[in-house]
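Architecture at a glance
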Amino acid sequence: LHVMDSVDSTNNYLKALAAQGAPDGTSAIADRQTAGRGRRGRSFFSPEGQGLYLSVLLRPQAHPDQLMHLTAMSAVAASRAVASVCGRRPGIKWTNDLVFGTRKLAGILTELSVVAETMETDYVVVGIGVNCTQSAFPEELREIATSIRMECGAPVDRCALAAALLREFARMEDALMTQRSEWLQEFAENCVTIGSDVRILRAGTERAAHADGIGPEAELLVTYPDGT
Ligand code: BTN
C-alpha cells in the first residue's frame, strides 16, 4: 500500500507501477490529487485532506470480454464499504457513481490494460474518490455533490473507510468469476437509475429512454419511447 501526501492521480501512479510488474493487490492512496481523473475525460475534484482517493491494481485471470461486470461489482463493494463506516448505504447511479439522493458522493474510474499480442488482460486499475469531510463545495459542484459529513453528520474516519474499501475490493476480486449474479442482484437492488427516465449518450447522439433493469453483463436495460 503506497500512501502519499500528493500525486497527480492514484490511477496514473498505479498504472506506472503495473507497467513495471507490480503484483495484484498493490494499492495507492493520496491525501490530495493534482490531476484527479473521472470518466469521459472529466476531472475529479480532489482537495487535500477532504476526500479519500484510492486505487487498487488487479490482475484477474480473465479475458477482457469476461470483465464487463467488474465496474458494477466495484460499485457494490464501494457502497458496502461506505455503509460500514457511516451507517447509511449510498445508492448506485449506473454504472458506478455512489449517490445520496440526487447528489454524488463518490466516483469510480476503472481502467483496463490489454496485452496487444495476445489480447489477454494485463491489469485493471480500479480508482475510487469519496467526498468525506467537506461541509461545502465550490459553486460549480454545489448542487450536484455531497460528502459523508454532509449526509451522516458524524466525523469521518478516512483510515477506517480506506480499510473497508480495500477489504471489499479484495472480496470483490474473489467473487469476480464465481458470484457474478449474486453481486449484480445486489447492484440492481441498490441502483437508483432503474425505474427512472434516462438519456442515452452514444457517438454524439442523445436518446430518451426508460431504465428497466440490469443485464447479465451489468448493462443497463432500457425501453425507448417507440417500445423497443
Ligand atoms: C468519475 O466520477 O467519473 C470517476 C472519478 C474517479 C476518481 C478516482 S480518485 C482516485 C482515482 N484516481 C483518479 O485520478 N481517479 C480515481
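In short, a report on the structure. What you are looking at is a predicted structure, and each value in this text was computed from that prediction instead of being measured. (Residues numbered from 1 in each chain as written. Predicted model: local features only at pLDDT ≥ 70, side-chain atom pairs only at ≥ 80, totals over all residues. Heavy atoms only, no water.)

**Regarding the overall build of the protein chain**
A tally of helices and strands in the protein chain yields five helices and ten strands. Here the protein chain has a C-alpha radius of gyration of 17 Å; the compact-globule value for 228 residues is 17 Å, and the two agree. Counting only contacts in the protein chain whose residues sit at least 6 apart along the sequence, the fraction spanning at least 24 positions is 59%. In the form shown here, the protein chain has an accessible surface area of approximately 11,300 Å², with 50% of it arising from carbon and sulfur atoms. (Helix = DSSP H or I, 4+ residues; strand = E, 2+ residues; numbered from the N terminus. Rg over C-alpha atoms; globule rule 2.2 N^0.38 Å. Contact = heavy atoms within 4.5 Å. Areas by Shrake-Rupley, 256 points an atom, 1.4 Å probe, with all protein chains shown as cover.)

**Side note on the side chain of threonine 10**
As for its position among the elements, threonine 10 is in helix 1 (residues 10-19). Its relative accessible area of 3% is what places threonine 10 among the buried residues. Apart from the residues lying within four places of it in its own chain, the contact partners of threonine 10 are Ala28, Ile29, Ala30, Gln33, Tyr53, Leu54 and Ser55. (Buried < 20%, exposed > 50% of the residue type's maximum accessible area, 1.4 Å probe, protein only.)

**A word on helix 1**
Within the sequence span of helix 1, burial applies to Thr10, Asn11, Leu14, Leu17 and Ala18. On an axial view of helix 1, the arc spanned by its buried residues comes to 125°, and they lie on one face. Close packing links the buried residues of helix 1 with strand 1 (2-7), strand 2 (27-33), strand 3 (51-58), strand 6 (103-114) and strand 7 (121-131). Structurally, the start of helix 1 carries an N-cap: the backbone nitrogen of asparagine 11 is 3.2 Å from a side-chain oxygen of serine 9. Glycine 21 sits one or two residues past helix 1 and shows a positive phi near 100°. (Arc of directions from axis to C-beta. Polar contact = N/O pair within 3.5 Å; in protein donor to acceptor, adjacent residues only side chain to side chain.)

**Describing a nonpolar patch on the surface**
Judged by side-chain polarity, Leu112, Val114 and Met119 come together as a nonpolar surface patch covering roughly 240 Å² of accessible area. Positionally, leucine 112 belongs in strand 6. (Patch = residues over 30% accessible without salt bridge, like charges linked within 9 Å, V, L, I, M, F, W, Y side chains within 5 Å. Salt bridge = Lys/Arg side-chain N within 4 Å of Asp/Glu carboxyl O.)

**A closer look at the site of the ligand**
What surrounds the ligand is a group of 18 residues, the closest being Ser9, Gln33, Arg37, Arg39 and Lys104. Within the side chain of threonine 10, one N or O atom sits 3.2 Å away from a nitrogen atom of the ligand. Within the backbone of arginine 39, one N or O atom sits 2.8 Å away from an oxygen atom of the ligand. Protein contact buries 98% of the 410 Å² of open area that the ligand shows by itself. Among the secondary structure elements, those contributing two or more residues to the shell around the ligand are helix 1, strand 3, strand 6 and strand 7. (Near = heavy atom within 4 Å.)

**A look at the pairing of strand 3**
Extensive coverage of strand 3 is indicated by the burial of eight of its eight residues. On strand 3, burial covers both faces: Gly51, Tyr53, Ser55 and Leu57 on one face and Leu52, Leu54, Val56 and Leu58 on the other are all buried. Relative to strand 3, strand 2 runs antiparallel, the two being bridged by four bridges. Residue pairing in the sheet places serine 27 in a bridge with valine 56 of strand 3. Where strand 3 and strand 7 come together, eight bridges link them in antiparallel fashion. Its bridge partner lying in strand 7, leucine 57 is registered against valine 125. (Pairing = 2+ DSSP bridges.)

**A few points about the sheet that holds strand 9 (residues 205-214)**
Strands sit in the order 8-9-10 across an open sheet of three strands; the sheet is antiparallel. The two strands at the open ends of the sheet, each matched to only one other strand, are strand 8 (197-202) and strand 10 (220-223). Within the sheet, the average angular offset between the axes of one strand and its neighbour, ignoring direction, is 60°. Pairing between strand 8 and strand 9: six bridges, direction antiparallel. Paired with arginine 202 across the two strands is threonine 205, which belongs to strand 9. (Axes fitted to C-alpha atoms, helices over the stretch in contact; angles between N-to-C directions.)

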